[in-house]
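Chain by chain, the residues:
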Amino acid sequence: MLCSVYVENTLFRVHRYFFTRDSSWFRDRLPYPAPPGETTKGSSDNLPLVLDDITKTEFEQFLWVFYNPKYSLYDASIDEWTSILKLAHAWNFIEVKELAIRGLEGLQVPALQKVVLYQKYDVNRNRLQTAYTALTVRDEPITIEEGRELGLETSLQLARAREVARAPVFSGKGVGNPRSPVNLAGVELDAIINDIFELTSGSEHTTQTPTGRANARDTSQTGTAQTNSGSSASNTSQGRLTVCVPSIEHVLNR
């Protein structure tokens, strides 16, 4: 069953199933069947579910997770995975969030950007050991601007890690200069990072099956209803408003 979703002056018709199956946020907003005497938002073009504070491009990128024509192959950029992660976190799509994290894990995300991103969207910090290490051993100290992005706690932890990593090797209690050479490596450095950032040993990453894959039959459907011109006119209480209803090919042409 299709539902109507309105984003940034664009009306999308998408499969309700993907959204209500995987997201408690959408289940609350797209109940089916509708409560007695009520009409559910999204049930028609005249009563769409309106999604504020996101862009049409962001929503199209999110739809790509469900309507990806490459089946289990997901190839996206850092910015695209970040956009998907943002919406998956906001809408409580647990498996889509995990998919976005795995996508980011396969890319060379700069250490600072990765720490800030994972903190913002509440990703398990055990995934950040490599990023913490990179910021600990780099020659340049953490700048004021970077500290503002990282937050007070992480900035202080990094400052401590940088000092300990540069402590004289002959003194177990010595404190080094954050600008001096790193004197720890390998297992010793890993142990320092785990201790200061309170990381658990081993992997606690949850691996889940990519979610929302439309099967061959679903993918063959448009995912949106459209006219030959790719647009549809819809009357609203504010008057006649023409909105674009892109075909699924448009959604996938990222």
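Quick caveat, the model's predicted, so the values are computed rather than measured.

Quick notes on the pattern of salt bridges
Link 1 in the chain: Counted according to the given criterion, the structure contains eight salt bridges.
Link 2 in the chain: One salt bridge connects E163 with R160, and the closest N-O pair in it is separated by 3.9 Å. Taken together, the positions of E163 and R160, both in helix α9 (residues 152–165) and three residues apart, correspond to about one turn of that helix.
Link 3 in the chain: A relative accessible area of 26% means that E163 is categorised as partly exposed.
Link 4 in the chain: Given a relative accessible area of 41%, R160 falls into the partly exposed group.
Link 5 in the chain: Several salt bridges share partner residues, and in doing so they unite E98, R102 and R127 into one network.

Quick word on the pairing of strand β2 (residues 10–15)
If a strand is regular, its side chains alternate between the two faces of the sheet.
Link 1 in the chain: Across the six residues that make up β2, a large majority, six, are buried.
Link 2 in the chain: Across six bridges, the pairing between strand β1 (residues 2–7) and β2 is antiparallel. Within β2, the position partnered with V5 by the bridge is F12.
Link 3 in the chain: Hairpin geometry of β1 and β2 is characterised by an intervening segment of two residues between the two adjacent antiparallel strands and by a positive phi of about 45° at E8.

Here's the deal with unusual backbone geometry
Link 1 in the chain: Despite not being glycine, E8 shows a phi value in the positive range, around 45°.
Link 2 in the chain: Mapped onto the elements of the fold, E8 is located in the loop between β1 and β2.
Link 3 in the chain: The residue N92 is not glycine, and still its phi comes out positive at about 65°.
Link 4 in the chain: Positionally, N92 belongs in the loop between α4 (78–91) and α5 (94–105).

Some words on the confidence of the model for the protein
Link 1 in the chain: On average, residues of the protein score 79 in pLDDT, and 73% of them are at 70 or above.
Link 2 in the chain: For residues 203–254, every residue scores under 50 in pLDDT, and the model assigns this stretch 112 contacts once sequence neighbours within four places are set aside.

What counts, and where the lines are drawn
- Residues numbered from 1 in each chain as written.
- Predicted model: local features only at pLDDT ≥ 70, side-chain atom pairs only at ≥ 80, totals over all residues.
- Heavy atoms only, no water.
- Salt bridge = Lys/Arg side-chain N within 4 Å of Asp/Glu carboxyl O.
- Helix = DSSP H or I, 4+ residues; strand = E, 2+ residues; numbered from the N terminus.
- Buried < 20%, exposed > 50% of the residue type's maximum accessible area, 1.4 Å probe, protein only.
- Pairing = 2+ DSSP bridges.
- pLDDT = per-residue confidence, 0-100.
- Contact = heavy atoms within 4.5 Å.

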